[in-house]
Amino acid sequence: MKLLEATKENINHSVEVLKAGGLVAFPTETVYGLGADGLNDIAVSKIFEAKQRPSFNPLILHVSSIEMLNDIAEFSNEKILRLAEKFWPGPLTFILKKKDIVPYIVTSGLETVAVRMPDNKIALELINKLGKPIAAPSANSFSKLSPTKAEHVAKQLGDKVDVILNGGNCNVGVESTIIEVTNDSQILLRPGGVAKEEIEKLIGELSESKFNSDSPNSPGQLKIHYAPNIPIYFYDEEKLKLFVNKRIGGIFFNEVKDEKKFTDLKLLSAKGDLHEAAANLFSYLHDMENLDLDIILVEPIEKIGLGAAIMDRLSKAVNKFI
Ligand code: TXA
Ligand code: MG
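Parameters and conventions
- Residues numbered from 1 in each chain as written.
- Chains lettered and ligands numbered in written order.
- Predicted model: local features only at pLDDT ≥ 70, side-chain atom pairs only at ≥ 80, totals over all residues.
- Heavy atoms only, no water.
- Helix = DSSP H or I, 4+ residues; strand = E, 2+ residues; numbered from the N terminus.
- Rg over C-alpha atoms; globule rule 2.2 N^0.38 Å.
- Buried < 20%, exposed > 50% of the residue type's maximum accessible area, 1.4 Å probe, protein only.
- Areas by Shrake-Rupley, 256 points an atom, 1.4 Å probe, with all protein chains shown as cover.
- Lys, Arg positive; Asp, Glu negative; His and termini not counted.
- Charge placed at Lys NZ, Arg CZ, Asp CG, Glu CD.
- Core = buried A, V, L, I, M, F, W, Y, C linked by side-chain atoms within 4.5 Å.
- Domains from an automatic or database assignment.
- Contact = heavy atoms within 4.5 Å.
- Near = heavy atom within 4 Å.
- Polar contact = N/O pair within 3.5 Å; in protein donor to acceptor, adjacent residues only side chain to side chain.
- Nonpolar A, V, L, I, M, F, W, Y, C, P; charged D, E, K, R; others polar.
- Pairing = 2+ DSSP bridges.
- Axes fitted to C-alpha atoms, helices over the stretch in contact; angles between N-to-C directions.

1. Section: the overall build of the chain
- When helices and strands are tallied, the chain shows 11 helices and 15 strands.
- Taken over C-alpha atoms, the radius of gyration comes to 20 Å for the chain, in line with the 20 Å a tight globule of 322 residues would show.
- Seen along its three principal axes, the alpha-carbon backbone of the chain occupies a region of about 60 × 45 × 35 Å.
- When each of the 322 residues of the chain is scored for burial, the buried share is 52%.
- For the chain, the exposed surface amounts to about 14700 Å²; the carbon and sulfur share of it is 48%.
- Averaging the coordinates of the 38 positive side-chain charges in the chain and doing the same for the 44 negative ones gives two points 2 Å apart.

If you want it as structure tokens, here you go:
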């Protein structure tokens, strides 16, 4: 780890680290973020590894311009345009429909992506020089407090990031407010740096929501966890025998088994690399959804490092069907 003052040279160095797929912790006006190139799925997988969080969670993409935003998401809702005009750059995050260029590991498989433009010169320069959005959760390790000083990051994640850019204290000190505004509803998903009342002055009342993965269609509830819409089970030889004359998709870690029994097969990582496996997971599930299969069987993997997060996500998907 390198704790570096945010000078021009060190920002340029950090851009090179990001381009090479590394992790850079950087200041924003809210809290420090743990950043990776938001369009590089392998780089993004390293965020989850570094956070030591035993699950995936959708990430915020940080942009430095509206052009950059237009490349990654649908940005046309009139109310959102008004809010961005007033509060960006600043601590307000929008949930928008994602474009194909955004890897599914950023959104944990969802078709929406969280986006904001941070109000911090160092952050904006870093993103601008990278020329791509930076994916970043708060730079704390799992279940620890969000960091508002570079030293907090060094203490929690020091040995897991390539660079920590020191930009002093974060002046807002709490995370961004997250809202989802569509033609049918406007929901406050997380209170934060921009007050609810300030938003309501511009666009009218916001309803409040508790995240809920089980009943995505009930009013005021949102789905934040993706699961494929065809039954998915863990693979083993006995399980496979239960499915006769079915179109079965198989997802294996690094080596295919019972090849002839499957209609479609995918390897998460032929070389057995967990970053690659994590990067492929959600996009493979989406691919299989589009293949007219009856079921998906997925090989369980060891719950070590990113393997734990992969298994957490798969177990939740499997539990939906048993
Ligand atoms: O101020 C902030 O927002 C900081 C700085 C670094 O920008 N970032 C931050 O990120 O707090 P994180 O990952 O700690 O929190 C992001 C929240 C998570 O609760 C996640 O579930 C939610 O945003 N989120 C991300 N994408 C979403 C989506 N497509 N739909 C619903 N919720 C989403
Ligand atoms: Mg957080």
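Read on, since the account is not over.
2. Thoughts on the nonpolar core
- Of all hydrophobic cores here, the largest spans 91 residues; its most connected members are Phe56, Leu69, Leu92, Phe94, Leu126, Ile179 and Ile199.
- Composition of this core by domain shows at least three residues from each of domain 1 (2-208) and domain 2 (232-319).
- Beyond its immediate chain neighbours, meaning those up to four positions away, Ile199 contacts Leu83, Phe87, Leu92, Thr177, Ile179, Val194, Gly204 and Leu206.
- Listed in part, the 9 residues of the second largest apolar core include Leu240, Phe243, Ile295 and Leu297.

3. So, the site of ligand 1
- In the vicinity of ligand 1 lie 22 residues, with Thr30, His62, Glu175, Ser176 and Arg190 positioned nearest.
- Between Asn57 and ligand 1, the recorded distance is 3.5 Å, taken from a side-chain N or O atom to an oxygen atom.
- Contact distances for ligand 1 include 3.0 Å between a nitrogen atom and a side-chain N or O atom of Thr112.
- Its free accessible area being 680 Å², ligand 1 has 94% of it covered by the protein chains.
- For the shell around ligand 1, the elements supplying multiple residues, two or more each, are strand S4 (60-62) and strand S6 (112-116).
- No other element matches the 3 residues that S6 contributes to the shell around ligand 1.
- Classifying every residue of the shell around ligand 1 gives 12 nonpolar, 7 polar and 3 charged.

4. Some words on the sheet that holds strand S3 (residues 33-37)
- Strands sit in the order S1-S8-S2-S3-S7-S4-S6-S5-S9-S10-S11 across an open sheet of 11 strands; the sheet is mixed. Edge positions in the sheet fall to strand S1 (2-5) and strand S11 (207-208), since each has one partner strand and no second.
- Across 3 bridges, strand S2 (residues 24-26) lies against S3 in antiparallel orientation. Bridge pairing links Ala25 to Leu34 in S3.
- Those strands touched by helix H1 (residues 8-19) are S1, S2, S3, strand S7 (134-136) and strand S8 (163-166), and its axis lies near 150° from that of S8.

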